[in-house]
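Below, each chain spelled out in residue letters.
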Amino acid sequence: MSTPSKVPQSRDLDGEDARKALRRVGWGDLIKASVRRFVEADGTSYTRAFGHAAVLTGIPALIMLIGFASVFDLSGFRDVLESTLKSLAPGPSSRLLSEAFKQGSNGGGLAFVGGLIGTLYGGILAFAQVERGCNRIYGMPADRDLPKKLTVALGLTVSAGVILGSSFILLVTGGALGDSLERALGWSNGLSTAFAIGRWPVGILLAFAGLTVIYKYAPSRKQPSASWLQTGTIVATLLWFVFSAALGLYYSMNDQVSQAFGPLVGVIAVLTWAYATGLALFLGISFAAQLEAQKPKASSAKEQRKAVA
């Protein structure tokens, strides 16, 4: 497996520099070069590793939420959570979730603490893979030392991880969540409509913010400004939205999948979505890295002034 060329570390690049570089390079050539960089960095391996770790994060997170609702006797919250997930996984998967809710509710505080530990552990594993993948995409063979790697991964888990999780809830489970909230809280038609419409822009903005945090702090290098990195963030957000919508449509229309896999279809759907999320994430950072690699020398006004001085 070849290694992509190292991207020279840049400073003081902003959104205007990114727009100039995009106009100079062109979208078509940049997309082809970005995909090539992704392949040369073995991005598919990091996508799979991130997907597995993300699932290992999501399942304990669900157990944590169930335990939290039980410890603080939040029956309404638990009912909304159970109703939402049952709507997303009907049939055999629904019965599997019912059993999981029963076990989590009986566990109470132990389920909450165990779920929290499992969520943090899985999140650290996931974002450690993100760092490794980003470093390879930028052409850097070495990662941070272990203590710093774990610290950064933990920070990304409680920041970008929570933001992206919230985005997932709104975009992927938002329809079922809205129906559950309407039944539990007796929402008016106007409030239900506002939630159904508002969850889309809010969810997309959250995905955009979470990816920007990852692209800024995951790679072990000094990154350009957030406005420069937003070129990759936009690409990743669009890809993630398209992938999520396509998977949701596929599973809602393909009854053969449910018949073939029965109670496992929920796990398969989540794992597939996690792969799609990792693919969008790494393709987006490949786009940002390739744009930085192909930027004109002294492209920004700030760099030009420094060169003259």
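Scoring rules and cut-offs
Residues numbered from 1 in each chain as written. Predicted model: local features only at pLDDT ≥ 70, side-chain atom pairs only at ≥ 80, totals over all residues. Heavy atoms only, no water. Helix = DSSP H or I, 4+ residues; strand = E, 2+ residues; numbered from the N terminus. Polar contact = N/O pair within 3.5 Å; in protein donor to acceptor, adjacent residues only side chain to side chain. Contact = heavy atoms within 4.5 Å. Salt bridge = Lys/Arg side-chain N within 4 Å of Asp/Glu carboxyl O. Buried < 20%, exposed > 50% of the residue type's maximum accessible area, 1.4 Å probe, protein only. Bend = angle between axes of the 7 residues up to and from the residue. Expected span 1.5 Å × (residues − 1). Core = buried A, V, L, I, M, F, W, Y, C linked by side-chain atoms within 4.5 Å. Axes fitted to C-alpha atoms, helices over the stretch in contact; angles between N-to-C directions. Parallel < 35°, antiparallel > 145°, perpendicular 65-115°, else oblique. Left-handed = near helix turned anticlockwise from the far one by under 90°.

## Topic: the side chain of Lys 149
Turning to its location among the elements, Lys 149 is positioned in helix H7 (residues 146–171). Looking at Lys 149, its side chain comes within polar contact range of the side chain of Asp 143, at 3.5 Å. Ignoring sequence-local partners within four residues, the contact set of Lys 149 consists of Ala 128, Glu 131, Arg 132, Asp 143 and Arg 144.

## Here's the deal with the environment of Leu 177
As for its position among the elements, Leu 177 is in helix H8 (residues 174–185). Considered as a pair, Leu 177 and Ala 196 are 19 residues apart in the sequence and their alpha carbons are 9.6 Å apart. In contact with Leu 177, other than residues within four places in its own chain, are Val 80, Thr 84, Ile 169 and Phe 195.

## Overview of the pattern of salt bridges
All told, the structure shown has 7 salt bridges when counted by the stated rule. With a shortest N-O distance of 3.5 Å, Lys 149 and Asp 143 are connected by a salt bridge. Looking at Asp 143, the relative accessible area reads 24%, which means it is partly exposed. Between Glu 292 and Arg 221 there is a salt bridge, with the nearest N and O atoms lying 3.3 Å from each other. Within this pair, whereas Glu 292 is found in helix H12 (residues 265–293), its partner Arg 221 is found in the loop between helix H9 (189–217) and helix H10 (226–253), the two being separated by 71 residues in sequence. Accessibility classification places Glu 292 together with Arg 221 in one group, the buried group. Each of the salt bridges in this network shares a partner with another, and the network as a whole consists of Glu 131, Arg 132, Arg 136, Asp 143, Arg 144 and Lys 149.

## Structural notes on the environment of Phe 168
Note that Phe 168 resides in helix H7. Separated by 76 residues in sequence, Phe 168 and Ser 244 place their C-alpha atoms 9.1 Å apart. If we ignore the near neighbours within four places in the chain, the residues touching Phe 168 are Thr 173, Trp 240 and Trp 273.

## Details of unusual backbone geometry
A positive phi angle, near 60°, is found at Asp 42, a position not held by glycine. Secondary-structure assignment places Asp 42 in the loop between helix H2 (27–40) and helix H3 (43–71). Relative accessible area serves as the criterion here: at 24%, Asp 42 is assigned to the partly exposed category.

## A word on H7
The axis of H7 is deflected most strongly, by about 35°, at Thr 157. Inspection of H7 places Lys 149, Val 152, Ala 153, Leu 156, Thr 157, Ala 160, Leu 164, Ser 167, Leu 170 and Leu 171 among the buried residues, and these make up the whole buried set.

## Let's talk about helix H6 (residues 109–137)
For H6, built from 29 residues, the straight-helix expectation of 42 Å at 1.5 Å per residue is met to within 8% by its first-to-last C-alpha distance of 42 Å. The first or second residue beyond H6 is Gly 139, which carries a positive phi of 80°.

## Topic: the nonpolar core
Here is a general trend for soluble globular proteins: nonpolar side chains tend to be buried in one another's company. Counting 40 residues, the largest nonpolar core has Val 130, Tyr 138, Ile 214, Tyr 215, Leu 281 and Phe 282 as the members making the most contacts within it. Listing elements by their share of this core, those giving two or more residues are helix H1 (15–25), H2, H3, H6, H7, H9, H10 and H12. For this core, the leading source of residues is H12, giving 8 residues. Look past the residues within four positions of Val 130 in its chain and what remains in contact with it is Phe 50, Ile 214, Ala 218, Leu 281 and Phe 282. Core analysis: the next-biggest nonpolar cluster, separate from the first, contains 9 residues, Leu 171, Leu 247, Trp 273 and Ala 280 among them.

## Examining the packing of H8 against H9
For the pair H8 and H9, interaxial distance at closest approach is 10 Å and the crossing angle is 160°. Our classification of the angle between H8 and H9 gives roughly antiparallel. With respect to the hand of their crossing, H8 and H9 are arranged in right-handed fashion. Residue-level contacts link Gly 174, Gly 175, Leu 177, Gly 178, Leu 181 and Glu 182 of H8 to Asn 189, Ser 192, Phe 195 and Arg 199 of H9.

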